[in-house]
Structures are given as C-alpha cells and as structure tokens.
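# Reading the structure
Each chain, letter by letter, is given below.
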Amino acid sequence: MQDDALKWNTRHKENPPPTQPLELLKTHIHKAKVGKALDIACGMGRNSRFMRECGFCVDSVDISTYAISALQGEHNINAQCVDLDTFKIPKQSYDLICKSYFLERRLFPYMVEGLKKDGILIFETFIQSPVESQNAFTSDSSHLLRKNELLRAFLDLEILFYEETLITREKDSSLALVARLVAQKR
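To start, this report covers the structure provided alongside it. Please read all numbers here as calculations on a predicted model, not as lab measurements.

## Structural notes on the overall build of the chain
Scanning the chain from N- to C-terminus turns up six helices and seven strands. Going from N to C terminus, the chain has its helices and strands arranged as α-α-β-α-β-α-β-β-α-β-α-β-β. Taken across its 186 residues, the chain has 48% of its residues classed as buried. Of the contacts formed within the chain by residues at least 6 apart in sequence, a portion of 54% connects residues at least 24 apart. Just so you have it, the chain exposes about 9,400 Å², and 49% of that area is on carbon and sulfur atoms.

See the structure below:
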C-alpha cells in the first residue's frame, strides 16, 4: 500500500490531473436518482465535486493522502484514504457509482452489490489496443481492459450505454483506446 500511495501522491503533485468532470458522467448523471454517490479512485476530486454540485452526497475514496487532503472538509464530500486492493463497497448503499481511469477487477462484483435498486454505474477506463501506440501505457498491461471485458463484467446490470473508442489524451495529445459503460441495477 505504501508504494502505491507514494506513487499516486507524487503523480498528483507533479502532474495535475484534469479538473473538468468526466464527459461520460456529465452526459449520463441525470439517469441517477439524486442521493448517495461513490467516486472510486477519486484522485483530486473532479468527479466528486461535479456529483456534489448535482445534489449528491459523495463518498470519495483514493489511496493518495495528497488527493484526499484536497477534498477533506468539503461540504457533502466524505473523503477517505483507502487501499483499493482491499476496499469493500457496502451493499445497496449508492444511487450512483463512478469509476474512471483506474482498474481493479476485484471490485467489479462489489460495485454491482453496492448499487441500490435502480442505481447507476458510470465506468470509463483504458483498454488494451492491438496498435501499440494507442495503449495508454505499456509498462503493465494488467491495468488495461481486454476487448469487451467491461461489457461482459457487468451483464448482471441493464446496459444503458457501452462503447469502445479512441480518445485524444489531454495531457499529451496521444491516442488511447477506452471503454465506456453506463449501467443500471434493476
């Protein structure tokens, strides 16, 4: 955990992440009943703050003490420093769960269980591309989804939107392949 925390603390300090919320979240947040939300691997809180502005009370979790300290004390944001390798999502607790650009497959079933009835899951992250230059990073391909993996992982939910598409990364204008999912628990 300490190695991961140090890595992410350094990354957040030296390479400020985007401040605008995820476009997928902005486009689909209206599908969720306003209530309680969870932002997994929240980073500096761009999605947490947006969900709060839309009326949600947000639990924001991340391994980075630096990132969490930026959110602590903010109204309707409960920021917690947690190890996502061992984190468990409380069952039937959230109207909305958002997860972007962090992959911990062990959390997939907990995310489904953590949604309340009619709860919405919004998930976007990188996929492994057959074109090497379109991989977001190459040092550890275990952090990249395989083709259709995200879709298959959440078939117990009603899939409202799914796509795999190329994006231009803000930080360096490189291309990367991503998967985007919006699903609802019925």
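Next comes the rest of the write-up.
## A look at the pattern of salt bridges
Under the counting rule described, the total for this entry stands at 13 salt bridges. Salt-bridge contacts for E23 lead to K26; the nearest nitrogen and oxygen are separated by 3.6 Å. You can see E23 and its partner K26 sitting in helix α2 (residues 23–28), three residues apart, about one turn around the helix. Judged by relative accessible area, which is 35%, K26 ranks as partly exposed.

## Details of the pairing of strand β7 (residues 175–184)
For β7, the tally of buried residues reaches nine of ten residues, placing the bulk of the element in the interior. With ten bridges joining them, strand β6 (residues 158–168) and β7 adopt antiparallel strand pairing. Note on β7: the bridge partner recorded for L166 is L177. From the end of β6 to the start of β7, which pair antiparallel, there are six residues, and S173 there has a positive phi angle of about 60°.

## Observations regarding the environment of L160
Structurally, L160 is set in strand β6. Given the relative accessible area of 32%, L160 is considered partly exposed. The spatial distance from the C-alpha of L160 to the C-alpha of A183 is 5.1 Å, given a sequence separation of 23 residues. The residues contacting L160, other than those within four sequence positions of it, are K31, I120, V182, A183 and Q184.

Reading guide: rules and limits
Residues numbered from 1 in each chain as written. Predicted model: local features only at pLDDT ≥ 70, side-chain atom pairs only at ≥ 80, totals over all residues. Heavy atoms only, no water. Helix = DSSP H or I, 4+ residues; strand = E, 2+ residues; numbered from the N terminus. Buried < 20%, exposed > 50% of the residue type's maximum accessible area, 1.4 Å probe, protein only. Contact = heavy atoms within 4.5 Å. Areas by Shrake-Rupley, 256 points an atom, 1.4 Å probe, with all protein chains shown as cover. Salt bridge = Lys/Arg side-chain N within 4 Å of Asp/Glu carboxyl O. Pairing = 2+ DSSP bridges.

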